[in-house]
Amino acid sequence: MKVFTELPDWRAERRAERRAGIGLGLVPTMGALHEGHLSLVRRSLDENDRTLVSIFVNPTQFNDPTDLAAYPQPLESDLALLREAGVHYAIVPRRDTLYPDGYRYRVVETERSRAYEGAHRPGHFDGVLTVVLKLLQIADADRAYFGEKDWQQLELVRGLAEAFFLPTAIVGCPTVRDADGLALSSRNSRLSSDERRRAPAFHRALVAAPSADLARRALETGGFDVDYVEDDGDRRLAAVRLGGVRLIDNVPLGSDR
Ligand code: PAJ
């Protein structure tokens, strides 16, 4: 696996491969990789000649500086996992490399980014959409892979690709869960053992409750601080806090629930 930190080096590599007709899949991540990330990686390896994984803890999408400071960054073990999976390329850019403009230029979505996660994390999706646009431009990939775990993010990235006529196809991948239903997340490692034991009740309530209101009540009774539980079309979206850790999840509504 080749690891790039400098953009011109990566671009030269990609230019040569594109000329040779070699296809590329991109998996953007913030590192602290787990099976959820690796499911995207495997899908990309299946569907493309080469796979590029980006690892960048994007500061502009963290509205809470404590959350950013606490974000795990086990770079060496991440790279080892990617190597083991058979990934061809990793790109690990520095902050000033991705933001030469100091974030003066940004992508703003004015409607759907303001609900749910956006309502609780002001500016979060501006940061996400801006860095995703940068990564898509840099990667020059045929496909880019995103998890349904971050449902609203996936929808907004699809919208971004459409709005700006981006040539990369956006591919959504199912949420990977632990056996007890808890969606895998880099933040799960911050749960105490007692919190980890209680956490699966989050997913259970979303699946079992007949309405979003009843799900909220069940969660509050279970000791969660609820940021939101909302039904939107055929999806139920939710975020809760358990101790100091914020968890998000979503489930399909209707027959396949
Ligand atoms: P991160 O949280 O590292 O997630 C990277 C990708 O992995 C996202 O597309 C996310 O939806 C997916 N993912 C995370 N947990 C998953 C799970 N349990 N099952 C399936 N997929 C999962 O999301 C981000 O980083 C950032 O916002 C990013 C898109 C990289 C922009 O900075």
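Coordinates for the structure precede this section.
Figured I'd write up the structure that's included with this text.

1. Things to note about the site of the ligand
Near the ligand, the surroundings consist of 19 residues, among which Gln-61, Gly-147, Asp-150, Gln-153 and Val-176 are the closest. Here an oxygen atom of the ligand and a side-chain polar atom of His-37 are 3.0 Å apart. Between the ligand and Asp-150, the relevant distance is 2.6 Å, taken from an oxygen atom to a side-chain nitrogen or oxygen of the residue. Calculation on the ligand without its partners gives an accessible area of 630 Å², and the protein chains cover 96% of this total. Taken together, the elements giving at least two residues each to the shell around the ligand come down to β2 (24–29), α2 (35–47) and β5 (143–147).

2. Structural notes on the sheet that holds strand β7 (residues 225–232)
In spatial order, the strands read β7-β8-β9; together these three strands make up an open sheet with antiparallel pairing. The open sheet has two edge strands, β7 and β9 (245–252), and neither has a second partner. With direction set aside, neighbouring strand axes in the sheet form an average angle of 10°. As defined by bridge partners, strand β8 (residues 235–242) adjoins β9 across eight bridges and the pair is classed as antiparallel. Across the sheet, residue Val-240 finds its bridge partner in β9, namely Leu-247. Packed on one face of the sheet, helix α10 (residues 200–208) meets β7, β8 and β9 and runs near 30° to β9. Docked against the sheet, helix α11 (residues 212–221) engages β7 and β8, running at close to 160° with respect to β7.

3. As for the packing of aromatic side chains
Within a pair of aromatic rings, the relevant descriptors are the distance that separates the centres and the angle that separates the planes. Enumeration over the complete set of coordinates arrives at eight aromatic pairs. Note on Phe-4 and Trp-10: the rings are 5.5 Å apart at their centroids and 75° apart in plane angle, and the pair reads as edge-to-face. Each of the two residues, Phe-4 as well as Trp-10, counts as buried. Here the aromatic rings of Phe-202 and Phe-224 are separated by 6.2 Å at their centres, their planes lie at 40°, and the arrangement is tilted. In this pair, Phe-202 sits in helix α10 while Phe-224 sits in the loop between α11 and β7, placing the two residues 22 residues apart along the sequence. Taking the relative accessible area as the measure of exposure, Phe-202 reaches 2% and is therefore buried. Counting every residue linked through ring pairs, the aromatic cluster contains Phe-4, Trp-10 and Tyr-89. The ring centre of Tyr-103 lies 3.7 Å from the NZ or CZ of Arg-106, which sits over that ring. Between the NZ or CZ atom of Arg-235 and the centre of the ring of Trp-151, over which it lies, the distance is 3.9 Å.

4. Quick notes on the pattern of salt bridges
Inspection of the entire model under this criterion finds 26 salt bridges. Residue Arg-187 is joined to Asp-67 by a salt bridge in which the shortest nitrogen-to-oxygen separation is 3.0 Å. On the criterion of sequence distance, the pair formed by Arg-187 in the loop between β6 (169–173) and α9 (193–198) and Asp-67 in helix α3 (residues 65–70) is long-range, its members being 120 residues apart. Judged by its relative accessible area of 10%, Asp-67 is buried. Among the salt bridges present, the one from Asp-227 reaches Arg-241, with a minimum N-O distance of 2.7 Å. Of this pair, Asp-227 sits in strand β7 while Arg-241 sits in strand β8, and the two are 14 residues apart along the sequence. Residue classification places Arg-241 among the partly exposed positions, given a relative accessible area of 33%. Put simply, Arg-14, Arg-18, Asp-140 and Asp-142 are held in one network by salt bridges that share partners.

Definitions and cut-offs
Residues numbered from 1 in each chain as written. Predicted model: local features only at pLDDT ≥ 70, side-chain atom pairs only at ≥ 80, totals over all residues. Heavy atoms only, no water. Near = heavy atom within 4 Å. Polar contact = N/O pair within 3.5 Å; in protein donor to acceptor, adjacent residues only side chain to side chain. Areas by Shrake-Rupley, 256 points an atom, 1.4 Å probe, with all protein chains shown as cover. Helix = DSSP H or I, 4+ residues; strand = E, 2+ residues; numbered from the N terminus. Pairing = 2+ DSSP bridges. Axes fitted to C-alpha atoms, helices over the stretch in contact; angles between N-to-C directions. Contact = heavy atoms within 4.5 Å. Phe/Tyr/Trp six-rings, centres within 6.5 Å; stacked < 30°, edge-to-face > 60°. Buried < 20%, exposed > 50% of the residue type's maximum accessible area, 1.4 Å probe, protein only. Lys NZ or Arg CZ within 6 Å of the ring centre and 35° of its normal. Salt bridge = Lys/Arg side-chain N within 4 Å of Asp/Glu carboxyl O.

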